[in-house]
Amino acid sequence: MGLTFATDPVTVSTPATSANLGPGFDALGLALTLYDDLTASVTAAGFTVEISGQGAGELPTDDGHLVVQAMLTTFDTLGERPPGLAVRCVNRIPQARGLGSSSAAIVGGVQLARGLIRGGLELIDDEAALRIAAKIEGHPDNVAPCLLGGFTVAWTEGAGARAVRLDPAAGVRPTVFVPSERGYTATARAALPATVPHRDAAFNAGRSALLTHALTSDPGLLFPATEDRLHQGYRAEGMPGTTSLVAALRSVGVAAVVSGAGPTVLALTEVPADFHPGAHWHGEVLGVDGAGAVVKGGMVEHAERGPVAAGRKS
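Fair warning: this is a prediction, and the values are worked out from it, not measured in the lab.

Engineer: Now, about the sheet that holds strand S9 (residues 265-267): what can you tell me, with residues and values included?
Structural biologist: The pairing of strands in a sheet comes from backbone hydrogen bonds and takes either a parallel or an antiparallel form. Read from one edge to the other, the open sheet built from 4 strands follows the order S8-S9-S7-S10, with strand pairing classed as antiparallel. In this open sheet, the two edge strands, each paired with only one partner strand, are strand S8 (256-258) and strand S10 (281-285). On average, each strand axis in the sheet is tilted by 20° relative to the strand beside it, whichever way the strands run. As defined by bridge partners, strand S7 (residues 175-179) adjoins S10 across 5 bridges and the pair is classed as antiparallel. Looking at S10, one finds that Pro-179 is bridged to Trp-281. Relative to the sheet, helix H10 (residues 240-251) contacts S7, S8, S9 and S10, its axis offset from that of S8 by approximately 165°.

What follows is the structure in structure tokens.
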């Protein structure tokens, strides 16, 4: 029996994310209340993408677009593709700024594909969806919070990516400072050494554990919990403005970190009203997204996700 594809469009809102959160390199992530809105329909032939907002006029408008690529990869796991796709992207997540724009496109594509297939949410459950998205992206730390919402701890084992979702405490108050220039993950990762001192690895292990506690139970500990020795220092030379802003925020007691690979800066505690980052930066207070990328329309009968995420209870 072949797949049954929806005749109605399917939609998904994919949240921005911040990965690493200081010491949680390649493991910790947080979903934020800034969204790309994606819609897809099955067509008779061909692949078209309409883009408005961030990336319009720059991103591919055919099957080279990351949303379409993720959709096709997801369909391929079930052995059948639809004859064509029409996708519309309303993008609000800044491109190449460390807020998970690529992960939002990948997770959005996986979710759209699931919604366009009869029984898609059961044929490809959240655990499988996470594995598909992480394999495309290369790391699970951004795709996990985008898919599941909240605060996530992600890792990779034999079968692929896994994650647990946790609820952040009410005192977590994310603010992002987004610069005008872009940054690229590959460049930032190239600045990292092949090995680090054992004492630095031990330091980060302790701070990552403390950060999990601080984010979920005691935000008063977020300042010491966000100290890092694994990646931010090595990347500092390549993004001096980001490094300076993190230092300025921390000098006034704000738990600030580099968001993902940068150049955006994430503050996890309240920023003083009289703090001014400079004209080069756009500051925006956001909330923590609790739902993740939830599918609506198409073949989806129940849009709400239950309390179990990626096979593990929160």
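Still to come is the rest of the account.
Engineer: I'd like a rundown of helix H2 (residues 101-115), residues and numbers included.
Structural biologist: Taking 1.5 Å per residue, 15 residues should reach 21 Å; H2 reaches 21 Å between its end C-alpha atoms and fits that length. With 14 of 15 residues buried, H2 is to be regarded as a mostly interior element.

Engineer: Before we move on, could you go through the nonpolar core and cite the residues and values that matter?
Structural biologist: Nonpolar side chains tend toward joint burial in soluble globular proteins. Judged by nonpolar contacts, the single largest core of 66 residues is most densely connected at Met-71 and Phe-75. With 7 residues, H2 is the largest single contributor of residues to this core. Non-local contacts of Met-71, meaning those with residues more than four positions away in its chain, are made with Ala-40, Leu-85, Val-87, Gly-109, Leu-112, Ala-113 and Leu-116. Met-239, Leu-245, Ala-256 and Trp-281 belong to the second largest nonpolar core, which has 13 residues in total.

Engineer: Lay out the pairing of strand S6 (residues 160-166) in plain terms, naming residues and giving numbers.
Structural biologist: Of all 7 residues in S6, 6 are buried; the element is thus mostly enclosed. With antiparallel pairing between neighbouring strands as the criterion, strand S5 (residues 151-157) and S6 make up a hairpin whose turn holds 2 residues.

Engineer: Before we move on, can you summarise the side chain of Arg-165 with the specific residues and values?
Structural biologist: On the secondary structure map, Arg-165 appears in strand S6. Here Arg-165 falls in the buried class, since its relative accessible area comes to 12%. Looking at Arg-165, its side chain comes within polar contact range of the main-chain oxygen of Gly-149, at 3.4 Å.

Engineer: Hey, could you go over the side chain of Asp-228 for me, with residue numbers and the actual values?
Structural biologist: By secondary structure assignment, the location of Asp-228 is in the loop between helix H8 (222-225) and helix H9 (232-235). Here Asn-204 takes part through its side chain, which lies 2.9 Å from a polar atom of the side chain of Asp-228. A polar contact is formed between the side chain of Asp-228 and the backbone nitrogen of Gln-232, at a distance of 2.9 Å.

Engineer: Let's hear about the pattern of salt bridges: which residues, and what values?
Structural biologist: Summed over all chains, the structure comprises 10 salt bridges. One salt bridge connects Arg-162 with Glu-127, and the closest N-O pair in it is separated by 3.3 Å. On the criterion of sequence distance, the pair formed by Arg-162 in strand S6 and Glu-127 in helix H4 (residues 126-137) is long-range, its members being 35 residues apart. On the basis of relative accessible area, Arg-162 is assigned to the buried category, the value being 14%. Residue Glu-127 is classed as partly exposed on the basis of its relative accessible area of 23%. Between Arg-162 and Glu-157 there is a salt bridge, and its shortest N-O distance comes to 2.9 Å. For Glu-157, a relative accessible area of 38% gives the class partly exposed. Residues joined by salt bridges that share partners form a network here, namely Glu-127, Glu-157 and Arg-162.

Conventions and cut-offs
- Residues numbered from 1 in each chain as written.
- Predicted model: local features only at pLDDT ≥ 70, side-chain atom pairs only at ≥ 80, totals over all residues.
- Heavy atoms only, no water.
- Pairing = 2+ DSSP bridges.
- Helix = DSSP H or I, 4+ residues; strand = E, 2+ residues; numbered from the N terminus.
- Axes fitted to C-alpha atoms, helices over the stretch in contact; angles between N-to-C directions.
- Contact = heavy atoms within 4.5 Å.
- Expected span 1.5 Å × (residues − 1).
- Buried < 20%, exposed > 50% of the residue type's maximum accessible area, 1.4 Å probe, protein only.
- Core = buried A, V, L, I, M, F, W, Y, C linked by side-chain atoms within 4.5 Å.
- Polar contact = N/O pair within 3.5 Å; in protein donor to acceptor, adjacent residues only side chain to side chain.
- Salt bridge = Lys/Arg side-chain N within 4 Å of Asp/Glu carboxyl O.

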